[in-house]
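Coordinates in review
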Amino acid sequence: MKKLFAVLLAFVMLLTFAACSEDAPQKENTESEQTPNSAEPTGTTYDTGCFNVFVPDGWYAIPSTDVFAEDSNTLNPKQLQICKGGSSDFDIFTKPFIRIDYYDPTTEMVPPDKEWYDEAEDIDPVTIGTRTWTGFEAVSMDYPFTCLYVEEDGHKYQVTIYTEQDDGSISMTDADVQAIIASIAPSK
């Protein structure tokens, strides 16, 4: 049953990413760019329309298609993938990435059931920026990931970090990963 679910999930993800355009607009906020001489990562801010997030240089933002919309080119503003070293939507199949899911105050967030995955274990709460996240680590289709979730002022976020892929790895302790997660905020 788990393998069937994993195959179906992979198929839905493939459809979602295949429909995304590599030329999807990114709204840059130059005021939030870091200076090249600072110790902090440099990059731009991406606005999905529901939330903003910092995208470090060398990372690629991949908007998600709304699979429930009538128009197959409609983007889902409540979801975004950010791929390290990526240059196309398909890089999430080989490179490490972070997926961010947003739930507004009127939507209930139900964290994923860790029992769906192999080797699932709760992790101690993690403070990144001003938020303390809870979650678990697990393996899906032989790839490890970390799932974090938090609620703040009615806004809820789920961050899934695909840490080990064929073409690289990332960690929650990486400066870029910390900057991405710490920057997540509702759009204004």
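Before going into details, it helps to say that this report is about the structure given with it. All values derive from a computational prediction rather than experimental measurement.

Another point: the sheet that holds strand S7 (residues 131-140). For sheets, the rule is that strands pair by backbone hydrogen bonds, running either parallel or antiparallel. Read from one edge to the other, the open sheet built from seven strands follows the order S3-S4-S5-S9-S8-S7-S6, with strand pairing classed as antiparallel. With partners counted over all chains shown, the strands left at the sheet margins are strand S3 (59-65) and strand S6 (118-128), one partner each. This sheet shows a mean twist of 20° between the axes of neighbouring strands, independent of strand direction.

Here the focus is the sheet that holds strand S1 (residues 43-47). Taken in spatial order, the three strands make up an open sheet running S1-S2-S12, and their pairing is antiparallel. A strand with exactly one partner marks an edge of an open sheet, and here the two such strands are S1 and strand S12 (185-186). Of the strand pairs in this sheet, strand S2 (residues 51-56) and S12 are connected by two bridges, and their pairing is antiparallel. From the neighbouring strand, asparagine 52 faces S12, where its bridge partner is alanine 185. Seen against the sheet, helix H2 (residues 175-183) touches S2 and S12 and runs at an angle of roughly 165° to S2.

Cut-off values and rules
Residues numbered from 1 in each chain as written. Predicted model: local features only at pLDDT ≥ 70, side-chain atom pairs only at ≥ 80, totals over all residues. Heavy atoms only, no water. Pairing = 2+ DSSP bridges. Helix = DSSP H or I, 4+ residues; strand = E, 2+ residues; numbered from the N terminus. Axes fitted to C-alpha atoms, helices over the stretch in contact; angles between N-to-C directions. Contact = heavy atoms within 4.5 Å.

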